[in-house]
Amino acid sequence: MSLQRLDLDDRQAVMYSEGSVCASTQELVDSGTFARVLGLYVDHLEAHNAYTLTELGVADRERLLDLIRLLANNPLERVSLTVCAPGDLLARREQLHEFVEGLYDFWRRWDRFLVVRAETAPAPGDKRPLRGFTDAVEALARLVRALYRDVAENITGRRPRVLRQVAAGAEVGVYAVRAKWPVPARYRELLTGIPFVRDLLLYPPLLLDPPMNTRTGQFTEVEENPLDGLKLEREEWLCYPALVGRTVVFVYFHRRFMGLGLSLANLFELASQEEIAAGPDAVYLYGVPPAALARFGDLPTVFHDDRRGRLLVAAVPLEDRFGYFGYLKKMVLTLHNVAAMDRGVMPFHGAYARLTLDDGSRATVLLIGDTATGKSETLEALRVAGHGRVREVRIIADDMGSLEVGPGGEVLGFGTEIGAFVRLDDLQQGYAFGQLDRSIIMSPNKVNARVVLPVTTLDDVLRGYPVDFLLYANNHEALDEEHPVVGRLPDEAAALAVFREGAAMSKGTTTSTGITNSYFANPFGPAQRQEQHEALAASTFAAAFRAGVFVGQLRTQLGLPGKESGGPRAAADALLDLIASKGASRP
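This one's a predicted model, so the numbers in the text were calculated from it and none came from an experiment.

(A) Up close: the pattern of salt bridges. Evaluation of the coordinates by the stated rule reveals 32 salt bridges. Of the charged contacts, one joins aspartate 228 and arginine 186 as a salt bridge, the two residues approaching to 2.9 Å between their closest N and O atoms. Here arginine 186 lies in helix H8 (residues 185-191) and aspartate 228 lies in the loop between strand S7 (220-221) and strand S8 (237-244), a separation of 42 residues in the sequence. Take aspartate 228: its relative accessible area is 35%, and that puts it in the partly exposed class. Residue arginine 186 is classed as partly exposed on the basis of its relative accessible area of 34%. Connected via shared salt-bridge partners are Arg5, Asp7, Arg117, Glu235, Glu236 and Arg255.

Written out as structure tokens, the structure reads:
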């Protein structure tokens, strides 16, 4: 088996190869990798269920390995006559079968990744390297399943009538290459040589159980460069070059965070070879040695504006407490937001969609609000509430984006992500189950279980649609005569006051509880640079009122007990009524 290395920890197995993996089940069972996995399973049984090994009657590990290797191609009756078999092997058929089933389950309990490395990216139009990559990933899955079935059938003497095509090999395959880009001199030794993810092969639904399921605190801008003095083991890192709206962020992640790092594929488009060669706007190292960031305090989730290198840089330590996708996604979006403000445009934390009604009229709706205030949930409810009224809900931004005043005075909205990272509990059930075949599900057995799934296209993210409705997602106020589902704000000052206060009821997605306040509901850049953001917000909201944009609040009630589903549904109904009453917008 031509694996260069197999890295194992409590949660994941990362395999590295330069091409083909193995050619046959015999080659697979004869490999050192198979022997290592078998040895780890025996260790596990010795620690947790030693009686199983006693019942099996094969105490010597080498004899047990030889026994399984023989069973790959021979029935138990024939194997029982060999020197490696105990004398009563036929009487222990059931125990041996249980051992093989346990070994198969033991292997599949890991999150499994296959990294196929190449020195250079394929030439334009040359599909052969990528075909070889996909063939290697799929061949491994076929061979692991075939080996398991051959051994089980040779033990039991029976062929199963129901075959389950589970992803028994790698759940994610990665084609990684070295790439050239204009690395600033101060980062050359640190980053040069780390391979870039160029292609991915996923077998969804992918279930991951990362170390954490909530995020705490915010990201701090620091004067000292967190990458200074840092040293990395390049063999332990990969880079995901992410297109984050109109920003390019090189996300470097340690292999211990492999599942989280590769989940970016469902959230951000991969940058092209030309975009990589042009260099990034920001660099983020996720999983650096903790000692390197100790100087930044107890919560060293930091970023820095390297003006000399014309690059934003960020780092988060390799600790289980930071093993949550929110630390990955939100830092990337923080870097986007800072880059956006430096370009003179206002970033937003919200969901932006274009609705096409059945009569052909269209409206674009931007819901700004903090985490779990009902932004995405309301847009999903529109798919249900709008049956018979809405022809299409086109997502432009699911969580973050930017607003720019166009040459004609219109306010244009841009997105950042092609996917969504949403609470599983807050999705409409029909929609959630309908998207399972494309989803990455995280912490499914815990509070704040999350789903990462594609929801839009890069073309829609980058097009720049004029805004018709600019609404604050209010999840904490109950409805009454003075607090309707949707209400218009009278002027720019009143609107800025509501958005600036950023009030929300926490839903347990971070360690905050109760009513919280966050500057413009956006602790991801604007909160760190309030003076810079104030000027951008004032000019953007002034332009919105001049352009006749409906600026107001939408009460989603998502933070109120018992309103988790009904609140966004009522908000969707009210929003549709408002759009219909205003008539057709832009074609």
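(B) Quick look at empty space enclosed by the protein. This model, assessed by the stated rule, comprises four cavities of 30 Å³ or more. Reported here for the largest cavity is a volume of approximately 290 Å³. Lining the largest cavity are 16 residues; nearest its centre among them are Phe34, Leu103, Trp107, Val144 and Leu147. When residues of the lining of the largest cavity are traced back to their parent elements, those giving at least two are helix H2 (32-48), helix H6 (93-108) and helix H7 (128-156). Per element, the largest residue contribution to the lining of the largest cavity is five residues, and it comes from H7.

(C) Examining helix H11 (residues 325-342) more closely. The end-to-end C-alpha separation of H11 is 26 Å, in line with the 26 Å expected for 18 residues at 1.5 Å each. Most of H11 is tucked away: 17 of the 18 residues are buried. Where H11 ends, the next residue or the one after it, glycine 344, has phi of about 90°, a positive value.

(D) Expanded view of the sheet that holds strand S6 (residues 206-208). Spatially, the four strands line up as an open sheet ordered S6-S20-S21-S19, and their pairing is mixed. At either margin of the open sheet sits one strand with a lone partner, and together these are S6 and strand S19 (419-423). Averaged over neighbouring strand pairs, the angle between their axes works out to 20° when direction is ignored. Sheet analysis places strand S20 (residues 440-442) next to strand S21 (residues 450-454), joined by three bridges and oriented antiparallel. Pairing of methionine 442 across the sheet is with arginine 450, part of S21.

(E) Spotlight on the pairing of strand S1 (residues 3-8). In this structure, S1 lies alongside strand S2 (residues 12-17), joined through five bridges in antiparallel fashion. Bridging from a neighbouring strand, leucine 3 pairs with serine 17 of S2.

(F) Just the side chain of asparagine 266, in detail. Mapped onto the secondary structure, asparagine 266 falls in the loop between helix H9 (258-262) and strand S10 (269-270). On the basis of relative accessibility, which here comes to 8%, the residue asparagine 266 falls in the buried class. Within the structure, the side chain of asparagine 266 is placed 2.9 Å from the backbone oxygen of valine 452, a separation counted as a polar contact. When residues no more than four places from it in sequence are discounted, the contact partners of asparagine 266 are Gly419, Ala420, Arg438, Ser439, Ile440, Val452, Leu453 and Pro454.

Parameters at a glance
- Residues numbered from 1 in each chain as written.
- Predicted model: local features only at pLDDT ≥ 70, side-chain atom pairs only at ≥ 80, totals over all residues.
- Heavy atoms only, no water.
- Salt bridge = Lys/Arg side-chain N within 4 Å of Asp/Glu carboxyl O.
- Helix = DSSP H or I, 4+ residues; strand = E, 2+ residues; numbered from the N terminus.
- Buried < 20%, exposed > 50% of the residue type's maximum accessible area, 1.4 Å probe, protein only.
- 1 Å grid on protein atoms, 1.4 Å probe; cavity = no way out; pocket = protein on both sides within 12 Å on 5 of 7 lines; lining within 4 Å.
- Points joined across faces, edges and corners; volume = space filled by probe spheres on them.
- Expected span 1.5 Å × (residues − 1).
- Pairing = 2+ DSSP bridges.
- Axes fitted to C-alpha atoms, helices over the stretch in contact; angles between N-to-C directions.
- Polar contact = N/O pair within 3.5 Å; in protein donor to acceptor, adjacent residues only side chain to side chain.
- Contact = heavy atoms within 4.5 Å.

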